[in-house]
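# Coordinate inspection notes
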Amino acid sequence: MSFIPNFLKSFLPTSPYLGIDIGTTSIKIVELDEKNGKIFLKNYGILESFGHLARLNNAIQTSGLKIVEKEAAQLLKTLLERMNIRGGQAIASIPSFFGFISVLEVPKMNPNELAEAMRYQAKFLVPLPAADISVDWSVVGEYEDEKGFKKQQVLLTSIPNDQIKKYQTIFKMSGLSLKMVEIEAVSLARILTMDDSQNSLIVDIGGRSTVLAVAQNGRLKYSNQMDLAANLLTQAIANGLDLNTKRAEELKRQRGLGGIGGEYQLSTLMFTYLDVILNEVERIKNTYEKTYYGKIEKVILSGGGANLIGIEKYTADYLKLPVFKADPFSRISLPEGLSPIGKDIAAPLSVALGLAAKQFISI
Ligand SMILES: Nc1ncnc2c1ncn2[C@@H]1O[C@H](COP(=O)(O)OP(=O)(O)OP(=O)(O)O)[C@@H](O)[C@H]1O
Ligand SMILES: [Mg+2]
């Protein structure tokens, strides 16, 4: 288990909500505040659990609709203690594999009619009774069809209530009160594309899952996810070089892609799996472009996997698109002296920053 603490001074008596991202391999917390119209970072913490690498079943979250509540609560408590936070209110992200996200095309209608239509549609899209899900929606596009009828594209998100309850339990056990939950793709869209009118494909490469989110002007327009992510690269090194996963993880982080001689061998082990991930990214990108008639103009890499040395260039060559590393701190000020650390923590903190930013901006 490792911990990257950072204690920043708090000048304000009241605390805004904490943004908390419980991933499959780590927990991230950020505390933001606003002064003179500027959002700034007050405090953050990252707790990585390396148990998942030694024993795959030991992940904090698993996509098998299971979350190890007790363990997650314990880790959350540990991180809060180290950040010197006692109690408080939180906004948490729900992994994309727990939520249901769809884009629907419906005739243009007033907000009340739309609300009714969305509740009705959710019944067909989610394999759970209506009483068991929480539904939310937002209009993400408008157009006129061939016959001149006004249509709108609506993003419908649903979260099973029992998932929200599980989160409430975890947070309560950790001494926090959970005020809001949001699917992580929505938080990523907010923090990585607000003020950006280009149609971007965000690829958040986590430990166990990769989230894809098409977004523009801070709004999510389409999302998908896959159970292929950066831990695969560690496994490839461990198997290929007959190393334990901890050593393989170290090598992956130190060397990254590229290099010559022995280092090149290391990258070739990773290329095979990276290609599998990127092939799927390309397939989803093509599906989006064909179905929703929107061209993807660039790719933004986020999550811990975006820190892999050389991944931007490799991805740009593979997808033949401009590729950028997530820069959530372009919208959030860092206290003086913290900027150099910002580089490494930026991409993995994107979800937590997007959550916490929700209370200061209207997207
Ligand atoms: N410097 C680095 N170079 C290469 N890979 C890295 C680096 N830092 C972190 N990673 C990888 O990023 C992954 C963890 O990313 P992240 O913290 O976004 O995951 P998570 O949010 O816990 O998981 P998930 O999103 O799947 O639930 C791990 O596979 C880790 O090895
Ligand atoms: Mg994550």
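Okay, so let's go over this structure. (Residues numbered from 1 in each chain as written. Chains lettered and ligands numbered in written order. Predicted model: local features only at pLDDT ≥ 70, side-chain atom pairs only at ≥ 80, totals over all residues. Heavy atoms only, no water.)

### Topic: the overall build of the chain
Looking only at helices and strands, one finds eleven helices and 16 strands in the chain. Counting over 363 residues, the chain shows a buried share of 51%. Pairs at least 24 apart in sequence give 67% of the contacts found in the chain among residues at least 6 apart. Looking at the chain as shown, the accessible area adds up to about 16900 Å², and 51% of this sits on carbon and sulfur atoms. (Helix = DSSP H or I, 4+ residues; strand = E, 2+ residues; numbered from the N terminus. Buried < 20%, exposed > 50% of the residue type's maximum accessible area, 1.4 Å probe, protein only. Contact = heavy atoms within 4.5 Å. Areas by Shrake-Rupley, 256 points an atom, 1.4 Å probe, with all protein chains shown as cover.)

### Some words on the sheet that holds strand β15 (residues 298–302)
The five strands lie next to each other as β14-β13-β12-β15-β16, forming an open sheet whose pairing is mixed. Both outer strands of the open sheet, β14 (219–226) and β16 (323–325), are each paired with one neighbouring strand and no more. The average angle at which neighbouring strand axes cross in this sheet is 20 degrees, direction not considered. Along the sheet face, helix α5 (residues 184–193) touches β12 (200–205), β13 (210–216), β14 and β15 and points at about 50 degrees away from the line of β13. (Pairing = 2+ DSSP bridges. Axes fitted to C-alpha atoms, helices over the stretch in contact; angles between N-to-C directions.)

### Thoughts on the pairing of strand β9 (residues 133–144)
Bridge count for β9 against strand β10 (residues 150–160) is eleven bridges, and the pairing is antiparallel. By the bridge assignment for β10, G141 is matched with Q153. The loop that links β9 with its antiparallel partner β10 comprises five residues; one of these, G148, has a positive phi angle of about 90 degrees.

### As for the site of ligand 1
Around ligand 1, the surrounding shell holds 20 residues, and the nearest of these are T24, T25, K28, N231 and E249. Side-chain polar atom of T25 to an oxygen atom of ligand 1: 2.7 Å apart, as the coordinates give it. The backbone of R208 places a nitrogen or oxygen atom 3.0 Å from an oxygen atom of ligand 1. Coverage of ligand 1 by the protein amounts to 91% of the 650 Å² it exposes when considered alone. (Near = heavy atom within 4 Å. Polar contact = N/O pair within 3.5 Å; in protein donor to acceptor, adjacent residues only side chain to side chain.)

### Topic: unusual backbone geometry
A positive phi angle, close to 50 degrees, is found at N36, a residue other than glycine. Inspection of the secondary structure assignment puts N36 in the loop between β3 (26–35) and β4 (38–48).

### Side note on the packing of helix α6 (residues 231–241) against helix α7 (residues 245–255)
Their axes nearest at 8 Å, the elements α6 and α7 cross at an angle of 115 degrees. By the angle between their directions, the pair α6 and α7 is classed as roughly perpendicular. Read as a crossing pair, α6 and α7 show a hand that is right-handed. Of the residues in α7, those in contact with N231, L233, T234, Q235, I237, A238 and L241 of α6 are T245, A248, E249, L251 and K252. A per-class count over the contact of α6 with α7 returns six nonpolar, four polar and two charged. (Parallel < 35°, antiparallel > 145°, perpendicular 65-115°, else oblique. Left-handed = near helix turned anticlockwise from the far one by under 90°. Nonpolar A, V, L, I, M, F, W, Y, C, P; charged D, E, K, R; others polar.)

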